[in-house]
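# Inside the fold
Here is what each chain is made of, one letter per residue.
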Amino acid sequence: MQLIKGFSTDNLKGDLYGGVTAAVVALPLALAFGVSSGAGAIAGLYGAIFVGLFAALFGGTPSQISGPTGPMTVVMAAVFTQFAAVDPESGPVLAFTVVILGGALQILFGLLKLGKYITLVPFPVISGFMSGIGVIIILLQLGPLLGHPATSGVAQSVQQLPVFLADMQPPALLLGVFALVLLTFWPARLARVVPSPLVALIIGALVVFWLPEGQTLAVIGDIPTGLPSLQWPQFEPALIQEMVQAALMLAALGSIDSLLTSLVADNMSKSQHDSDRELIGQGIGNMFAGFFGGLPGAGATMRTVVNIRAGGKTPISGAVHAIVLLVIVLGAGPLAENIPHAVLAGILIKVGIDIIDWKFLLRLHRAPLFVVCLMLLVFALTVFVDLVTAVLVGVFLANIITVKRLADAQVDAVQVISDDLDEHEQLSPRESELLLKAGGRILLYHFNGPVSYGAAKGIILKLRQANPHDTLIFDFSQVPLIDVSTAMAIEEMIIDSQSADREVYVIGTNELVHNVLSRMQILKLLPDHCVHDRREPALEIAYDKLFRTIEG
């Protein structure tokens, strides 16, 4: 296996240009995400460097650019606030320990080969969750946009909004709105040369020098230069449960975010990513970010798109992006110290607007009622309760409804055949003859397709509603697989039939079905002459035995 997936020097020029361009786009976003998280602008840069570098080297999507993202920053801000409130001194260290744990969980997800399952979260849940994240980002930036410090949560931001409006700072508001308008209407042809967020940062920093005497704007302030120091993880026994829960949220969200971006990269680059390897790479990057005080990150869609459009195709572009940011940290930190918070707020509000799933929202009125309710429920839980509850409730409800619909379809597909043969075209002439001659006394219970646990009760009920009969034949000839719940339902039907002095046959089981029935000791309920591979011999034996009994 190739040590670095997709590594090649054949596209060196394109990768260098793609990496530099992605770094220019990433710089203002990393600063903004760092400030928004509460960990500081430098934490955003460290996160972009470490996650960007190691995800590129060890990940499974060659053209992907990774770093702090809006959803990950929202979670990290909550984690940072939560542990800082418990212990102001060690809280930041505990928060970065959570980042390390989240990265370790992502590596575990990759080693367990869970990559193909993570993106199976239903679309309405993802849509509601991402739209909720976008609204959270916007609400949390209302304070800085109006010239006030950022609040620690959505509820506080909403409660403080009247105060912010009553005492707004016009220079901050004008600058933030200017940044938002600039990002929204910056021409695409210019964006290929100079990204709009960078222009907003430069103009914002210059405005600080032009302010009339006596007027001030809140700015980023001191940004450390040089390499970060290693921070060893710290655990508080009383907070272990909260730390693990937060780490799981970071790991799950980071994995979904990254793999969805990987799909975008595949479509643009006509390639195929390795989901499990991508999770391992993201996990390594997040662990290093946590060890060095950086924000957690994931595959960043906008930066990945910029990289691919600029010519980046291999992990070299991701590594170049991280190295360029490292050079900036080592020498250019003071240049960013005068960037106003209002400009960062404008940038983040644009990020929040872009995260909201407008494409689906505009078609929400066309969606089925359940989909609409599920999306809005997840959206509301994300904004007003918490992210974990939103995802768990959304996935649970979506899966319950999906299982119910599949179960109904599976039960409907079951055919109960006695002497009415119109609906079963696969019977041979001899099989049809035997069933007709039996006059309804032999019941063929024909399963059609896989049968899952959700259909277990339904198939029992369908049999109980069948016409009276003396012999029951379970036909599994078109069943690729069953689960244990279905097997136990079969056992219940066999026992009920035998209690009513009916003879029961099982036919047509493939290896998978046979193994499940054998392992659960259900076939032991039947004598050898009642288990067959084919339908016709079973019907011959059942018919002969039934009518010998009658004649005798």
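Predicted model, so just to flag it, every value in this text is computed and none were measured.

### What about the overall build of the protein chain?
The secondary structure content of the protein chain amounts to 24 helices and seven strands. At 31 Å, the protein chain has a C-alpha radius of gyration far larger than the 24 Å of a compact globule built from 552 residues. By principal-axis analysis of the C-alpha atoms, the protein chain measures approximately 115 × 55 × 50 Å. The buried share of the protein chain, taken over its 552 residues, is 52%. Entry remark: accessible area of the protein chain is about 25,100 Å², with carbon and sulfur atoms responsible for 64%.

### Points about the pattern of salt bridges
Taken as a whole and assessed by the stated rule, the structure comprises ten salt bridges. Put simply, Arg430 and Glu433 hold a salt bridge, and the shortest N to O gap is 3.2 Å. One end of the pair is Arg430 and the other is Glu433, both in helix 20 (residues 429-438) and three residues apart, which spans about a single turn. Among the residues examined, Arg430 registers a relative accessible area of 26% and is labelled partly exposed. Overall, Glu433 belongs to the partly exposed group, its relative accessible area being 36%. Overlapping salt bridges, with partners in common, bring together Arg430, Glu433 and Glu540 in one network.

### Things to note about the packing of aromatic side chains
One pass over the full model with this rule turns up eleven aromatic pairs. Geometrically, the ring pair formed by Phe447 and Phe476 is stacked, given 4.9 Å between the ring centres and 15° between the ring planes. Of this pair, Phe447 sits in strand 4 (residues 442-448) while Phe476 sits in strand 5 (residues 471-478), and the two are 29 residues apart along the sequence. Residue Phe447 shares its accessibility class with Phe476, and that shared class is buried. An aromatic cluster of three or more residues is present, and its members are Tyr445, Phe447, Phe474 and Phe476.

### Here's the deal with the confidence of the model for the protein chain
With 96% of its residues at a pLDDT of at least 70, the protein chain reaches an overall mean of 86. At the level of individual helices and strands, the protein chain shows its lowest average pLDDT in helix 24 (residues 535-551), which scores 78, and its highest in helix 13 (residues 275-291), which scores 95.

### Regarding the layout of surface pockets
The volume enclosed by the largest pocket comes to roughly 1,600 Å³. Thr301, Met302, Arg303, Val305 and Asp354 are, among the 47 residues lining the largest pocket, the residues nearest its centre. Residue composition of the lining of the largest pocket, by class: 29 nonpolar, nine polar and nine charged.

### Brief notes about the nonpolar core
Core analysis: the biggest nonpolar cluster contains 94 residues, and Leu31, Met76, Val79, Val98, Phe129 and Leu387 have the highest contact counts within it. Examining the composition of this core, we find that ten residues originate from one element, helix 2 (residues 41-58), more than from any other. Excluding residues that lie within four positions of it along the chain, Met76 makes contacts with Ala95, Phe96, Val99, Leu250, Leu295 and Pro296.

### A few points about helix 2
The end-to-end C-alpha distance of helix 2, which contains 18 residues, comes to 26 Å, matching closely the 26 Å that a straight helix rising 1.5 Å per residue would cover. Of all 18 residues in helix 2, 15 are buried, a share of seventy percent or more.

### Here's the deal with empty space enclosed by the protein
Inspection of every chain in the model, using the stated rule, returns one cavity of 30 Å³ or more. Put simply, the largest cavity is a space of about 70 Å³. The wall of the largest cavity is formed by Phe33, Ser36, Gly70, Thr73, Val74, Ala77, Ile137, Leu140, Gln141 and Leu348. Counting residues per element, the ones that place at least two in the lining of the largest cavity are helix 1 (12-37), helix 3 (70-86) and helix 6 (123-140). When residues in the lining of the largest cavity are grouped by element, the largest group, four residues, is from helix 3.

### Structural notes on the sheet that holds strand 6 (residues 503-507)
If you trace the five strands from one edge of the open sheet to the other, you get 3-4-5-6-7, paired in mixed fashion. For this open sheet the edge positions go to strand 3 (415-417) and strand 7 (531-532), each flanked by a neighbour on one side alone. Relative to strand 5, strand 4 runs parallel, the two sharing six bridges. Along strand 5, the bridge assignment pairs Tyr445 with Phe474. Packing of helix 22 (residues 484-499) onto the sheet brings it into contact with strand 4, strand 5 and strand 6, and relative to strand 5 it is tilted by some 155°.

### Some words on unusual backbone geometry
Despite not being glycine, Lys270 shows a phi value in the positive range, around 55°. Backbone geometry places Gln521, a non-glycine residue, at a positive phi of 60°. Along the polypeptide, Gln521 turns up in the loop between helix 23 (511-519) and strand 7. Judged by relative accessible area, Gln521 falls into the partly exposed class, the value being 48%.

### Re the pairing of strand 4
Counting buried residues along strand 4, six of its seven residues qualify, which places the element largely inside the surrounding structure. When strand 3 meets strand 4, the two strands line up antiparallel, connected through three bridges. Paired with Ile417 across the bridge in strand 4 is Leu444. The handedness of the strand 4 to strand 5 crossover, carried by helix 21 (residues 456-464), is right-handed.

### So, the environment of Leu105
With respect to the secondary-structure elements, Leu105 resides in helix 4 (residues 91-111). Overall, the relative accessible area of 19% leaves Leu105 in the buried class. For the pair formed by Leu105 and Leu250, sequence separation is 145 residues and the distance between their alpha carbons is 9.2 Å. Excluding anything up to four places from it in sequence, Leu105 contacts Ala247, Leu248 and Ala251.

Cut-offs and rules
Residues numbered from 1 in each chain as written. Predicted model: local features only at pLDDT ≥ 70, side-chain atom pairs only at ≥ 80, totals over all residues. Heavy atoms only, no water. Helix = DSSP H or I, 4+ residues; strand = E, 2+ residues; numbered from the N terminus. Rg over C-alpha atoms; globule rule 2.2 N^0.38 Å. Buried < 20%, exposed > 50% of the residue type's maximum accessible area, 1.4 Å probe, protein only. Areas by Shrake-Rupley, 256 points an atom, 1.4 Å probe, with all protein chains shown as cover. Salt bridge = Lys/Arg side-chain N within 4 Å of Asp/Glu carboxyl O. Phe/Tyr/Trp six-rings, centres within 6.5 Å; stacked < 30°, edge-to-face > 60°. pLDDT = per-residue confidence, 0-100. 1 Å grid on protein atoms, 1.4 Å probe; cavity = no way out; pocket = protein on both sides within 12 Å on 5 of 7 lines; lining within 4 Å. Points joined across faces, edges and corners; volume = space filled by probe spheres on them. Nonpolar A, V, L, I, M, F, W, Y, C, P; charged D, E, K, R; others polar. Core = buried A, V, L, I, M, F, W, Y, C linked by side-chain atoms within 4.5 Å. Contact = heavy atoms within 4.5 Å. Expected span 1.5 Å × (residues − 1). Pairing = 2+ DSSP bridges. Axes fitted to C-alpha atoms, helices over the stretch in contact; angles between N-to-C directions. Right-handed = clockwise from strand over helix to strand, strands pointing away.

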